[in-house]
Each structure stands twice: as C-alpha cells, then as structure tokens.
Amino acid sequence: MSTPPEYDLEAGVPYDVPSHGVNATGKKQQPTPTRARKTATSGAKRAGRVHQNHGQAAAAQHGGRWRSHAAAANNDGEGDAGGEGCYRKPGRFLFGFVLLALVLFLLVAWSRGRVGDTPTVNVILGPPAALVTVSKSEKQGTELPLPTPPAVDPDPQEEEPEGAVQSGRLPPVGEPPRVTPPPPIAQPPPVAVPPKLSEQEIARMTLIEEHRASVVKGMRDAWEAYSRFAWGQDDLLPVTHSGSSWLHLGITIVDSLDTLWIMGMRDEFKKAREWVANNLDLSPWNEVSLFETNIRALGGLLSAYDLSKDDLFLTKAQDLAHRFLPAFDSPTGIPYTSINLRSGSARNPGNNGYTILSEAGTLQLEFVYAAKHAKDPELKTKALRVIDKIEAAEKVNGLYPVYIHPSNGRFDENSPITLGALGDSFYEYLLKLWLLFGGPGTEGDKYRKIYDAAMTNVVDKMVQVSSPSGLTYIADMRWSSLDHKMDELACFAGGMFALGAVRHNSTEHPNPNSNVHFKLGKEIGRTCHEMWKRMPSGIAPEFVVFSPGSDFSAGASHFLLRPETAETFFILWRLTHDPIYQDWGWEIWQAIDKHCRCNGGGYSGLRSVTSTSPEKDNNQPSYFLAETLKYLYLLFSPDDVIPLDKYVFTTEAHPLSIFQ
C-alpha cells in the first residue's frame, strides 16, 4: 500500500492535491501550496455542510474524497492571483453559485418527473467538472470511485456525436439529458404445481401401494422358507420343508439376486452375495442344461452386476460363460443342449440329436451383455453366429420348427411351430437383441428384421379367434395344419407384441404393423386373463384347448407358478396405464397367495387348477422368485422402477441396461 500524502488537518485535504480550476481567461491555474490550503479551507467549509458528522479522522481514511474536496476548493478562487480572489470578487462568485444551484434544481426536478421516485443524493457544490454524488453506502464509510457523468444528447432527434459520452459536460439549461431506463428484471420460470389429486385418485394410490406390499410379503415368505429349509440347494420343497438340486448351483440364490435388490431387501441380498462369493461352485460334477443354466445363473449374475455394480458378479459371470463355450463346438456352431461345466464335454442326450430352437436361440442377450462389460468379444461372436445359422436354415411356411440339428443346421420339418414351450423365447430374443443394442440405427436392426418377418407369418398363419367370446389366441402349427391349443407360456407374447409395436414406431422408423401388433398384444392379454378367471381355482392351467362354440377348456391342468401372464400385464400397464391390468394382476396374485402358500412358508405349484381346493405339488422353482413375484411387484410400482426405456428383460426377467 502506498503512503498517503501529508494531510492538512485544518483544511481536511492533503497539501499536494493538484488543482484543475480554470481562471477568468480560460487557462488552467496551477495553485501554490498556500493557495491550495486556503481554498481547500473554503471548500471544506462548504463540504462540511454535507459531511458534518464525518470528522477529520474519517477524512484521513477515505482518500477517495480528497480529490473532490480539493477540486471544489481550487475552483472557488478562479481568476485570483496569490490566493485572494475569493474575497475581491464576491459578485462573480455569487452569480456562479446561484446559476449552478438553479441548473441542479432543474436537473433534479426534471429527472424525478422522467424516471419516477429516485434515491435522495447529496451534492458537493462546486464547478460542473467537480460534481460528486454521495450515496448512502458512502456516507456509511464505503469508499467508492467517482461516478462517470451521464451521457448528454445535444438533440433528442439526432444521434449523439462521437465522444459526447466521454466529455462529462452537463446539458444546457432546459435541455435534460437522455435517461436510459434500467433493464427489466428477469422473472424466474413459473413453478410447476402438481395437480391436486382427487379423493378417488388418492384412494387408488393407497390401494396399489397395499398390493405392492402384499407381493413383497410374499417374496419374504418364499425367501425365508428357502433360507430356512433349503439354503444352498437349487429349489425349495415347501410342503416337506426340504430342498432339492438338479443343477447343483444353489440356483434359487443366484436367480433371486436382482429381485432382492429391486425390492429393497438389502440384508437378504448381502447374505446371498456372501454365498456367491464363498460357496458358488461353477464346476459341479454333473451335466447341466445349457439353456436353464444360462437364463437362471448367467442372467442372474449379470443382472446383479448391472444393478449393484459389484464386480464380483461380473467376474463369476464371465467364468461361467467361458465354461459354456465347449457346447458351441459343433460342426455348425449351433450349441449342444447339455454340458459338464467341469470337463467341458457337451452333447444332445435326447430328441434324436436335435437341439431345441428356444435353447439355441435364448443365449444371445446374456452372452452379448457379458461380452460388452467383460470386454470379451468371443462370447458375442459365438452367440450371434447361432442366429445366423438358424436364419440360414430352410424354414416351413416362413417359420421355425422347434428342432434343428447341430451337425447340418437343418430343421426337423415334422416338428411343431409354436410360441409356446420349445419355441417361445427364440422369438422373444430376436426383438430384445434389437432393444439391447439400442434400437434403430444399431447392429440390432438385423435381428429386428428377422423378428418382423417372423411375426408377419405368425399373425397371418397362427393367430386365431375363438367363439363365442372372440378371444384371440396363437395356435400351434405343424406344416399347414393348426393345433388349436395355447400354452400359458405363450402368454408372454402379449407383452412382446405390444413392446415391439411401441418401440419401433416413429417418424424416422415407421412400423406399418404397429397398430395391428399393439392391438394383438392387448387381445392376448385379455385371453390370458380369461384362462385364469374361468378356472375354478382362479389359476390358469399349463395350456388350454380351444373348441368352436365353447372357447376353451383346460388341457394340462397343472400349474407351475408360471410368470408369463404377469409379465404381459406388467408391460401393458407400463405402455397404457390402463388400471385394468393392475386389477387383473391383483386377481392372479390373490389366487396364487390363496392356493399356493404353504404352512411354514413358501409357495408350491398345483396339481390341478380345475379344483376349488387344488393339491400342491411340493415344488417352489427359482423362477417364481426371479420372475413371477418380480413382475407382480413392478406391476404395482412407479414407472421409474426399472423403466422399459432403460432396461430389457431376459426371458428369466433379469433386467439388463440397454446399450447407449
């Protein structure tokens, strides 16, 4: 900080303040120190009328005002020599003072009339070049720089000459300066006020929340019974309070990981995670189904990784996927259906050496996702080559029989064509591969085209309508002959058709079949609801047989805790927000909870749904926790819980994030 100049306590100004006064001849006066001190005294007296409460100490601190006081003092004695002019020419001084006061009065009066109410200002009197305004903040001791004089427009009708703004001169009397109004204050955007809910809407929200809580309670009962009676085994036997294993992978634990996470059961998830870390053995001694192990174990591990971002699950998944690879070592690359994860030997033990269509075509979501996140492209290559081989095979009526041979890549033309068991998820994965890759404009477009062509043939050749109720169903077909039956498994197709219609219908990517497919999806949902509603137990059988004039009757009457109807209701609810789908979902959950809940905990399948008191089959499969309960929970949850535009569900209901 620089040292301030020596200060004259009597005058209130420094000794060496320069003067910018003008004498009577128009020339700048260079005052002597004596003159500066005397005139400063005169100026200080006048300034004291404004700053009477500041005192000498305040003047010493606020150097920003020194120039104002000194300038006012120096100009008091214009035309003087030796510092006595202010006494010898009082008339000139008085005339100038009165003129200046008049000008200021007119300016203040005009500006108040032009601008409106303005803050009061104090003016240190002096020549025009020395005008200083003192704001409220300056009075309180805040040092402010001298303000820039306002720009003056010499003629309101003409543009101001260049340099007028810098001149600092005041306008002639009677010609007020142009005042620029302040810019308008930006207003904040309006706050969106949520609409007020009616009593009926509030009651509906409360009801749905109760439905969801009921499903969570069911999940807790199923999980706790498994933990108590069958921990580490594949499935719970809830009637006998024991467990059973057929994959020897603790599959209920692995299959349920994402359901525990989604429902907020964090303690149970932590316990399951510890078991995976310490006890999951991916090399059991026995052969396993490639299809079942893929959708339940690999899919469960990948979804747990996707939701929790815990690398343990991705590491385990990559290990398991590589143990699957020997199954693809066929002459065509179409996989064998059974594999020993320890030795790597693979074979097709039944079906005359044929591979089932759904088993070959329901590996791709899991393998492609694992390849991307584990940075392991071999997994993607192996899985997608299978689709190429299936598509290259000669079809029957443009559709895919359920058996294809891994040695020559040919279909068994005498095998059925169905969207039920053995065929279902092949079609599902064609659409969902496209969704996983990100939809239009991605490498998934290839699989979308295959899906669209297949669905055109399904609609033209297999979709039927019953009488007398006009229920839409998808029959099975063998060559050109229809088998008028429909599996509960095929109820997934309602959600598939609706999802495909909505996700591929835009200005850039129009889908000419969008309306047809969306309506078809809703009609299949209605038929599946009737399959549940019309049974004495309120639960759908494994499949129904359609007959002219009587709609349908139960074919195989057992129930295996299937999830497909709940899946379609969930998708249709998310796409339409029609409450009928939540109501239908609540009906089927009430029936399951009533007839399938076991004493001591857990849920069991039923031997016959045609009875009002059906007998239990003593099996709680892992997919009941992974699929059925999850879809029912999501049906009663807000849309942002696993949103359909962010996730794609595997056939085992394991959500995987769509690639960006």
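In this text the structure is predicted, and so the values were computed from the model without any measurement.

Draft legend 1. Broad picture of the confidence of the model for the protein. Per-residue confidence for the protein gives a mean pLDDT of 82; residues scoring 70 or more make up 70%. Taken as a whole, residues 1–89 scores under 50 in pLDDT and shows 105 contacts with residues more than four places along the chain or in a different chain.

Draft legend 2. Representation of a nonpolar patch on the surface within the structure. Taken together, L197, I202 and M205 make up a surface patch of nonpolar side chains, about 280 Å² in accessible area. Within the secondary structure, M205 is located in helix α8 (residues 199–229). Owing to a relative accessible area of 51%, M205 belongs among the exposed residues under this scheme.

Draft legend 3. Region of interest: the layout of surface pockets. As a volume, the second largest pocket reaches approximately 410 Å³. Contributing to the lining of the second largest pocket are 22 residues, with F291, E292, D424, L489 and R562 lying nearest its centre. The set of elements that each furnish at least two residues to the lining of the second largest pocket consists of α11 (290–308), α13 (357–360), α16 (424–437), α20 (564–576) and α22 (622–635). Ranked by residue count, the leading element in the lining of the second largest pocket is α11, at four residues.

Draft legend 4. Expanded view of the environment of D310. The residue D310 is located in the loop between α11 and α12 (311–324) in this model. Taking the C-alpha atoms as reference, D310 lies 9.6 Å from R273; in sequence the two are 37 residues apart. Non-local contacts of D310, meaning those with residues more than four positions away in its chain, are made with R273 and Y305. In terms of polar contacts, D310 uses its side chain to reach the backbone amide nitrogen of L312, at 3.0 Å.

Draft legend 5. Seen up close, empty space enclosed by the protein. Counting across every chain of the model gives three cavities of 30 Å³ or more. Considered as a void within the structure, the largest cavity measures approximately 80 Å³ in volume. Looking at the largest cavity, the residues that line it are K432, L435, L499, E567, F570, I571, Y631, L644, Y647, V648, F649 and I658. Every element with two or more residues in the lining of the largest cavity is listed here: α16, α20 and β19 (647–649). Along the lines of polarity and charge, the residues of the lining of the largest cavity split into 10 nonpolar, no polar and two charged.

Here is what the cut-offs are and how they apply
Residues numbered from 1 in each chain as written. Predicted model: local features only at pLDDT ≥ 70, side-chain atom pairs only at ≥ 80, totals over all residues. Heavy atoms only, no water. pLDDT = per-residue confidence, 0-100. Contact = heavy atoms within 4.5 Å. Patch = residues over 30% accessible without salt bridge, like charges linked within 9 Å, V, L, I, M, F, W, Y side chains within 5 Å. Areas by Shrake-Rupley, 256 points an atom, 1.4 Å probe, with all protein chains shown as cover. Salt bridge = Lys/Arg side-chain N within 4 Å of Asp/Glu carboxyl O. Helix = DSSP H or I, 4+ residues; strand = E, 2+ residues; numbered from the N terminus. Buried < 20%, exposed > 50% of the residue type's maximum accessible area, 1.4 Å probe, protein only. 1 Å grid on protein atoms, 1.4 Å probe; cavity = no way out; pocket = protein on both sides within 12 Å on 5 of 7 lines; lining within 4 Å. Points joined across faces, edges and corners; volume = space filled by probe spheres on them. Polar contact = N/O pair within 3.5 Å; in protein donor to acceptor, adjacent residues only side chain to side chain. Nonpolar A, V, L, I, M, F, W, Y, C, P; charged D, E, K, R; others polar.

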